[in-house]
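Take a look at the letters that make up each chain.
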Amino acid sequence: MKNDLRRRRLRALAAILVLISLPPVAALAVQWRLYRQNLTVPLPAPARRASAGPATRMLVIAPHPDDETLGCGGTIASAVQHGNAVTVVFITNGDGSRTTAAREFKRLKPAPEKLIAMGRMRQKEALTALAELGVLRDAAHFLGYPDGGLDELWRSHWSADRPYRSPFTQTDRSPYANSPTLEARYCGEALLGDLRELIARVRPTDVYVTDPHDTHGDHWATHAFTVAAFESLGQRPRLWTYLIHRDGGLAESLKFSWPAPIGLHPTEPLAPPKHLLETNTRWQQVQLSHELVEQKLRAIHAYRSQLGPYEKFMVSFARKNELFGTPAPPNTNASLIVDAAHDGFARDIVPAGDVKSVDVHPDGSNALRVELTLFGKPSARVRYEVEFTAITRGEMAREVMVLPSTALLSDEHTLRATLPLDRFREMDSALVVARTQLGKIKLDQTALRVVRWRSAS
Ligand SMILES: [Zn+2]
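Residues numbered from 1 in each chain as written. Predicted model: local features only at pLDDT ≥ 70, side-chain atom pairs only at ≥ 80, totals over all residues.

A.B. asks: Is there a simple way to explain the overall build of the protein chain in this structure?
C.D. replies: Helices and strands together make up the secondary structure of the protein chain, namely eleven helices and 17 strands. Taking 457 residues into account, the globule formula puts the C-alpha radius of gyration at 23 Å, and the protein chain, at 23 Å, falls close to it. Across the 457 residues in the protein chain, those meeting the buried criterion constitute 48%. A separation of at least 24 residues holds for 74% of the contacts in the protein chain among residues at least 6 apart in sequence. (Helix = DSSP H or I, 4+ residues; strand = E, 2+ residues; numbered from the N terminus. Rg over C-alpha atoms; globule rule 2.2 N^0.38 Å. Buried ≥ 20, exposed ≤ 12 C-beta atoms within 10 Å, placed from the backbone. Contact = placed C-beta atoms within 7 Å.)

A.B. asks: What's the story with unusual backbone geometry in this structure? I'm lost.
C.D. replies: Trans peptide bonds make up most of the peptide bonds, and negative phi angles are found at most residues other than glycine. Between Trp258 and Pro259 the backbone carries a cis peptide bond, its omega angle lying at -5°. For Pro259, the position within the fold is in the loop between β6 (238-242) and β7 (281-287). If you check the backbone angles, Lys106 has positive phi at about 50° while not being a glycine. Secondary-structure assignment places Lys106 in the loop between α3 (98-105) and α4 (112-133). Lys106 gets classed as exposed once you count the C-beta atoms within 10 Å, which come to 8. Backbone geometry at Glu183 places phi at a positive 55°, although glycine is not the residue there. Within the secondary structure layout, Glu183 lies in the loop between α5 (150-155) and α6 (188-202).

A.B. asks: Help me understand the domain arrangement of the protein chain in this model?
C.D. replies: Reports often express the size of an interface as the amount of accessible area lost when the parts come together. Taken as a whole, the protein chain is organised into domain 1 (45-327) and domain 2 (337-456). Facing the 19 residues of domain 1 at the interface are 21 residues of domain 2. Ranked by the residues each element gives to the side of domain 1 that touches domain 2, the list is headed by helix α7 (residues 217-233), at seven residues. Of the residues in the side of domain 1 that touches domain 2, the class split is nine nonpolar, eight polar and two charged. (Domains from an automatic or database assignment. Nonpolar A, V, L, I, M, F, W, Y, C, P; charged D, E, K, R; others polar.)

A.B. asks: What should I look at first to understand the pairing of strand β5 (residues 206-210) in this one?
C.D. replies: Every regular strand shows the same layout, with side chains that alternate between the two sheet faces. Where burial is concerned, most of β5 is hidden: four out of the five residues are buried. The pairing of β5 with β6 spans five bridges and is parallel. Bridge pairing in β6 links Thr210 to Tyr242. For the crossover from β5 across α7 to β6, the handedness is right-handed. (Pairing = 2+ DSSP bridges. Right-handed = clockwise from strand over helix to strand, strands pointing away.)

A.B. asks: How should I be thinking about the packing of α6 against α7 in this particular structure?
C.D. replies: In contact at an axis separation of 9 Å, α6 and α7 are set at 60° when each is read in the N-to-C sense. Viewed along their axes, α6 and α7 adopt a mutual orientation that is oblique. The crossing of α6 and α7 is right-handed. Between α6 and α7, the contacting residues are Leu191, Leu192, Leu195, Arg196, Ile199 and Ala200 on the first element and Phe225, Thr226, Ala228, Ala229, Phe230, Ser232 and Leu233 on the second. Counted by class, the contact of α6 with α7 contains ten nonpolar, two polar and one charged residues. (Axes fitted to C-alpha atoms, helices over the stretch in contact; angles between N-to-C directions. Parallel < 35°, antiparallel > 145°, perpendicular 65-115°, else oblique. Left-handed = near helix turned anticlockwise from the far one by under 90°.)

Structure (structure tokens):
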């Protein structure tokens, strides 16, 4: 009798264990499939080199110390050798990595002061890495915004009266003495202001920033803030985007479906992830000499604190080329946003939340018609959102449209809505992004794209 009960309990326990392990195993399977696909992708066309000399002014914008080196270390070193002016700006000091701080300070739960100390340490590592690439100390700027919070700043903490509080530094303003705005509030407005000021000073001809298809929230938002800053200043430099993270959606711990193959392969080239070939980003590659690859690898090794947990991932970027994306020119007949399909676990199991494209067209003189096309049929349980940030003579206004799953076109995959433009008269341009969400689970976030209204009409 007692044995029987024990057996039944054991069986129930085994069933629960199987149920718990199913989602991670399924996520791992999707991740593995994506990784395998990424191993055999053709290389893109070569990029045209910027001209030598100081008239080419390169601005590299990195969400965290190390992204600039991983994404464009070779290009930075080459630009310095060609006499170009190079400026590097770090949006955060990377003070949100508990894993790194725990290793560094031998604490299971590092206190906020320890995380801030790590932010200072990562600044030093960044200066060492940049010195390896030939960039002077004065050309590096650390804005001091919250690691892990940039997406929140963009979406829900825009103004200084609603600052974001970092769960890592436990503060709502920059705790670093070298932030250009002392005690800068953790809010979108302040970050945009700092970026605009820097851009106005540097007047870059070529801007290197994280790609809008990057699945790390800080990387996505760094792209968004950069585009907003340039649009609001009316400046149109050449924009080059670099990709660091493509993950599998739900499974945070299984981040690395790209670069493929992972690990140190300095004599091999790097190709973009397969799914990003379907989007309206055009990929190009810059060839690096053997010496430049060696130089880049030395710069990667300057990030000692990051190498501990992420070495295999980081050295994957020391390849004989670097990849850069440019958005397809706006206002062509193609969709404004073309998104990748089946490119992650969450989107794979909920095709109703997998965005295919977004189209925006004028509807009469006073409204916009917005169409959101999905791979699956829309579901009442998924939230569909199109965010519209209008820029008018440097001022910004935001409208988030929630599209009901019943506002369907006859193809049964496209949701439609109309946005009245009374608020946005005289609009110069608008930044558009679509998101889908199931309860608290983020399913999809598309690339952010620009519609230039004046030039379209
Ligand atoms: Zn990063």
